[in-house]
Amino acid sequence: MRISKPVFLVFGMWLMVVMPLAIKGKTSRTIAPPPSSTRRPSVVNVGALFSVNSVIGRSAKPAIAAAIEDVNSSPTILQETRLNLMWYDTNCSGFLGTIEALQLMEKGVVAMIGPESSVIAHLISHIANELHVPLLSFGATDPTLSGHRHPYFVRTTQNDYYQMAAISNFILNFEWKEVVAIFVDDEYGRNGILALGEALAKKRARISYKAPIKPGASQSDITEVLIQVNMLESRVYVVHVSPDSGLEIFTVAYKLGMVTSGYVWITTDWLLAVLDSSEVLDPKMMNTIQGVISLRQYTSNSDIKKSFTTKWKNIKEKKTSSFNLYALYAYDSVWLLAHALDEYLKSGGSITFSNNSKLQYISNGSGLQFSALRTFNEGRQLLKTVLATTFVGLTGDVRFDQDKKLINPAYDIVNIGGTGLRTVGYWSNHSGLSITAPVSLYAKHSGNFTGDQRLYSVIWPGGMSKRPRGWVFPNNGKAFRVAVPYGYSYKEVVTKDKSQKGVRGYCIDVFEAAVNLLPYPVTPEYILYGDGQRNPSYSDLVRAVAEHKYDAAVGDITIITNRTKVVDFTQPYLESGLVIVVPLNKSKPKSWAFLRPFTVELWLVCGGFFLFVGFVIWFLEHRLNEEFRGPPLRQIVTVLWFSFSTMFFSHREKIVSMLGRFVLILWLFVVLIITSSYTASLTSILTVQQLTSSIEGIDSLISSTDPIGVQEGTFSHNYLIQELNIPESRIIPLRDEVEYLNALHIGPEGGGVAAIVDELPYVELFMRYSKCEFRIVGREFTKSGWGFAFPRDSPLAVDLSTAILQLSENGDLQRIHDKWLSTTLCSQARILEGKSLTLNNFWGLFLVCGIICFISLCIFFCKILRAYRRYNPDEEAAREVVESDSSTRSNAWLFGAISLKDMIDFYDKKEEVMIKQKIRRNIRQVNRGPET
């Protein structure tokens, strides 16, 4: 409960006036502050507030006294000034702590050390703020003690914000998603658990239940809380309480059988504060905390820390022979103040106090003496000096960041086992979890800790080394409620039954088989969702699971994006997707269907190439091949016959030239491709001719205006409207296979539908029902699956996913599918598009063929021209004539020297005849002899 600052001030001063307080032999006599002076003071008053007989106080008091003694005897710090310690025992009371803080202010202290309690720190920080006195707390770890509300509060220990981050990382390291928080019901406990909840939320985990324990609770109160906790699902407990009463929780938990196998207990640093300060670990006490994980603020084993450990043995006023980490932070707090004062005084600072105008006004009106409370004038400057001070203390480097937090927060992770403690790892905000001490990792870059992100093995409660599952089914008398959709259609999938379970179907068999593979018993209670007369809304069913009206939902529930935002699904046990089903009307055969495989353009190009290739072959073979010679009419017929006979590879003419054979081989390959494509296209067209439909896929479905049928209650209705922008007026909900059949039969003209959009498993069942009367067109245009739904972060979803994968691997999942959803071959048929082939399908092939033919003709023409020149005896004379007439050189060479008619005659003659004539002419020239 919040109490305003003025109320505490007035009430405290009233008590100082009307009640003499004697604490530890001290009276409430007012001690005037030292007079204002510009010279360095010889004595500076320092206050201390802590509970002497608490776990932390028993370590802190001797440490503070030792620190004051060391500072005053040190020749290097505060040489002309000594610290005068004035301490009060708060006795764990916020009320006494407030009064004692006011008494310290009356004595003109420049700073206060303590308190160790976050609750008391919340109260007296208001006094420190008003009177400008820095408050150095070595034990108040509440994360909310910071910011503008507490400007004079300086935390000289680590913030619980980091401790909760360490616990969160530890929990997620073992893949637990839910924890139960057991905490003391005050500012320290509530704010610490709030920080834990925020840290877990960043990693998609959460606190499933908060179990507050009031301060000073009796054993019966603790028992009542733990009994309630033990009835919950989660078995991971985080305990954040006071070190003075925390062990009572484990005493009760041990009696209740909660510190055994299957349980996980994690405590904040309070537990090790108790154990570290104990002289001898009590075996009976250790037996109650076996397997517990606890945290301790990390400090390196430096030489000065070892020296303090030796010195501790010689301290006379101590109550224990050992100390906890808070003693080190208390010791460093005194030295922090001493370093800051030394720096402040060396810079010429003074220590003065003045009357507070607000208190003076209250004093004049009430008659109470508030004038003794004075404001520390240089408190703000001293505070800045404290925050800027750096030194190496018992806890390591003491330095504050810009948020007034100590740098390098780190924790030991300690496992309690046997009669001792074992460190299983470390955590720091620099490196996260690690088996390497943080001090050796600070020099590394924050991204270089991949190999260190692990912990040593942990011995859990019950002596188990295997990681506990972290949850069980709640032992609260409630059954495991499983909602099952009870609709009107597709009874094979899931429906009501008269058996003991009350349900049956494919989905139920898969769920039961998966549950049987779990390493723990699950006894579900099936609850029908729906009346069986209409198909229920699956989105509403999923929403009911998210609201914890049911513990799970088992059925043909499609995993879609909107549903995964509110619940957790298992691994899909059946792949699914939306497909289109259309009616198929037989059409009359078409007489000219054989022309449809090719377009008109392609037919013309094919015919032209047949003639072109025939001419090329004739041109290449005419001079050599007797079969390509003869009268003109005969040659024309030969060319036409040869061209089109190659279509069937039935040409009888022999090809003798190398160029002709090369062209023919390429052309026969082109013919093979064309005829194969024609055959395939014609087969498709003749098949599709019997399976026609106006809707051929998703594109034509969207562009049409015909009504579309969908299954009632499924997500396909919203998908068509929201994702495909199909008007809602076109969508007609249908309940079952009978309505599907009737709607497709009567068609849009009779009030039915042109197509049905549904998930593939349902369509396969419908195909079996309709005896392959309909067909699926196009492809699946969504990819999803069926899964079981659970509330968010349910560990059962993970375990069942593993079980489903195991069913898939051993073949049981397929056997269950074949039992309920066996399909006929027609369900796999798809409508093939029987479209005509165009020139674009073959233009590359024709281009290559044309280029090869052109190159062959060019090569042949060059060979003919060369042979003609060698054959003509007047060639040299003709060339001389041409050279004498320079003005007509080019034309004469082309048309005078080589007569086109002579060359055609030369080509038309058979090459064998030409060779014989040339031989005879050469013989005649030899017989005539040389000319004189």
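What counts, and where the lines are drawn
Residues numbered from 1 in each chain as written. Predicted model: local features only at pLDDT ≥ 70, side-chain atom pairs only at ≥ 80, totals over all residues. Heavy atoms only, no water. Helix = DSSP H or I, 4+ residues; strand = E, 2+ residues; numbered from the N terminus. Buried < 20%, exposed > 50% of the residue type's maximum accessible area, 1.4 Å probe, protein only. Contact = heavy atoms within 4.5 Å. Areas by Shrake-Rupley, 256 points an atom, 1.4 Å probe, with all protein chains shown as cover. Pairing = 2+ DSSP bridges. Axes fitted to C-alpha atoms, helices over the stretch in contact; angles between N-to-C directions. Expected span 1.5 Å × (residues − 1). Salt bridge = Lys/Arg side-chain N within 4 Å of Asp/Glu carboxyl O. pLDDT = per-residue confidence, 0-100. Core = buried A, V, L, I, M, F, W, Y, C linked by side-chain atoms within 4.5 Å. Arc of directions from axis to C-beta. Parallel < 35°, antiparallel > 145°, perpendicular 65-115°, else oblique. Nonpolar A, V, L, I, M, F, W, Y, C, P; charged D, E, K, R; others polar. Right-handed = clockwise from strand over helix to strand, strands pointing away. Phe/Tyr/Trp six-rings, centres within 6.5 Å; stacked < 30°, edge-to-face > 60°. Disulfide = S-S within 2.5 Å.

## Focus: the overall build of the chain
- Helices and strands together make up the secondary structure of the chain, namely 31 helices and 31 strands.
- Each of the 932 residues in the chain was classed as buried or not, and the buried ones make up 51%.
- Partitioning the intrachain contacts of the chain with sequence separation of at least 6 by distance along the chain shows that 74% fall at a separation of at least 24.
- If you sum the accessible surface of the chain, you get close to 44700 Å²; carbon and sulfur atoms cover 55% of it.

## Considerations on the sheet that holds strand β27 (residues 731-734)
- The mixed open sheet is built from 5 strands, whose spatial order is β27-β26-β28-β25-β29. Strands with a single pairing partner mark the edges of an open sheet, and in this sheet they are β27 and β29 (774-777). Adjacent strand axes in the sheet meet at a mean angle of 35° when their direction is disregarded.
- Bridge count between strand β26 (residues 708-711) and strand β28 (residues 755-759): 3 bridges; the pairing is parallel. Across the sheet, the residue bridging to Val710 is Val757, located in β28.

## Structural notes on helix α25 (residues 795-810)
- Its 16 residues give α25 an end-to-end C-alpha distance of 23 Å, which sits within 8% of 22 Å, the value for a rise of 1.5 Å per residue.
- Residues Pro795, Leu796, Ala797, Leu800, Ser801, Ala803, Ile804 and Leu807 constitute the buried set of α25.
- Among the structural elements, β18 (480-485), α15 (506-516), β23 (567-569), β31 (789-791) and α26 (812-821) are those in contact with the buried residues of α25.
- Of the residues flanking the end of α25, it is Gly811, one or two places downstream, whose phi is positive at about 90°.

## Quick notes on the pattern of salt bridges
- Evaluated as defined, the whole model comprises 20 salt bridges.
- Put simply, Lys819 and Asp509 hold a salt bridge, and the shortest N to O gap is 3.3 Å. Separated by 310 residues along the polypeptide, Lys819 in helix α26 and Asp509 in helix α15 bring together distant segments of the chain.
- One salt-bridge network, in which partners are shared between bridges, spans Arg40, Asp342 and Lys346.

## Points about the confidence of the model for the chain
- Mean pLDDT over the chain: 83, with 81% of residues reaching 70 or higher.
- The model gives residues 1-37 a pLDDT under 50, and that stretch makes 58 contacts with residues more than four places away or in other chains.
- The low-confidence segment residues 827-833 (pLDDT under 50) makes 19 contacts with residues lying over four places distant or belonging to another chain.

## Some points on the nonpolar core
- One finds Leu83, Val110, Met112, Phe138, Ile182, Leu226 and Trp265 to be the most contacted residues of the largest nonpolar core, which totals 112 residues.
- For this core, the element with the most residues is helix α12 (residues 325-346), which contributes 16 residues.
- Sequence-distant contacts of Ile182, that is, excluding residues within four places in its chain, are made with Ala211, Ile213, Leu226, Tyr237, Val238, Val239, His240, Val241, Ile249 and Trp265.

## What about helix α16 (residues 538-546)?
- Listing the buried residues of α16 in full gives Tyr538, Leu541, Val542, Ala544 and Val545. The arc that holds every buried residue of α16, seen down its axis, measures 155°, which confines them to one face.
- Where α16 ends, the next residue or the one after it, His548, has phi of about 65°, a positive value.

## Considering the packing of helix α4 (residues 118-131) against helix α6 (residues 187-201)
- The interhelical angle for the contact between α4 and α6, taken along N-to-C directions, is 105°, at an axis separation of 7 Å. One way to sum up the angle between α4 and α6 is to call them roughly perpendicular. Between α4, through Ser118, Val119 and His122, and α6, the contact on the second element is made entirely by Glu187, Tyr188 and Asn191.
- In terms of residue class, the contact of α4 with α6 is made up of 2 nonpolar, 3 polar and 1 charged.

## Re the environment of Val55
- By the element assignment, Val55 lies in helix α2 (residues 55-73).
- Residue classification places Val55 among the buried residues on the basis of a relative accessible area of 6%.
- Expressed as a C-alpha distance, the spacing of Val55 and Ser278, which sit 223 residues apart in the sequence, is 9.2 Å.
- Beyond its immediate sequence surroundings of up to four residues, Val55 is in contact with Pro243, Asp244, Ala273, Val274, Ser277 and Asn324.

## Quick word on the sheet that holds strand β2 (residues 82-89)
- What the 5 strands build is an open sheet, ordered β2-β1-β3-β4-β5; its pairing is parallel. In this open sheet, the two strands that pair with only one neighbour each are β2 and β5 (153-155). On average, each strand axis in the sheet is inclined to that of its neighbour by 25°, with strand direction left out of account.
- Where strand β3 (residues 111-113) meets strand β4 (residues 135-137), 2 bridges bridge the pair, whose relative direction is parallel. Paired with Ile113 across the strands is Leu136, a residue of β4.
- The strands touched by α2 are β1 (43-50), β2 and β3; relative to β2, the strand with the most contacts, the crossing angle is about 165°.

## Concerning the pairing of β26
- Alternating positions in β26 separate into two faces, Ile708 and Val710 on one and Gly709 and Gln711 on the other, with burial throughout.
- Here β26 runs beside β27; their pairing, made up of 4 bridges, is parallel. Each residue of the ladder has a partner; that of Gly709, found in β27, is Ile732.
- Taken together, β26, helix α22 (residues 716-722) and β27 constitute a β-α-β crossover, and its handedness is right-handed.

## Re the packing of aromatic side chains
- Tallied over the full model, the rule gives 32 aromatic pairs.
- Measuring from centroid to centroid gives 5.2 Å for Phe353 and Phe376, while their planes differ by 25°, and the two rings are stacked. Taken as a pair, Phe353 in strand β11 (residues 353-355) and Phe376 in strand β12 (residues 374-376) lie far apart in primary sequence, 23 residues in all.
- Given the relative accessible area of 9%, Phe353 is considered buried.

## Concerning the state of the cysteines
- Overall, the coordinates contain 0 disulfides when judged by the stated rule.
- The thiol of Cys853 is unpaired, and the distance to the nearest cysteine sulfur, on Cys849, comes to 4.3 Å.

## A few points about unusual backbone geometry
- Cis geometry is found at the peptide bond from Gly114 to Pro115, where omega equals -5°.
- Considering the arrangement of structural elements, one finds Pro115 in the loop between β3 and α4.
- With a phi angle near 60°, Asn725 is a residue other than glycine that sits in the positive phi range.
- As for its placement among the helices and strands, Asn725 is situated in the loop between α22 and β27.
- A relative accessible area of 63% places Asn725 in the exposed class.

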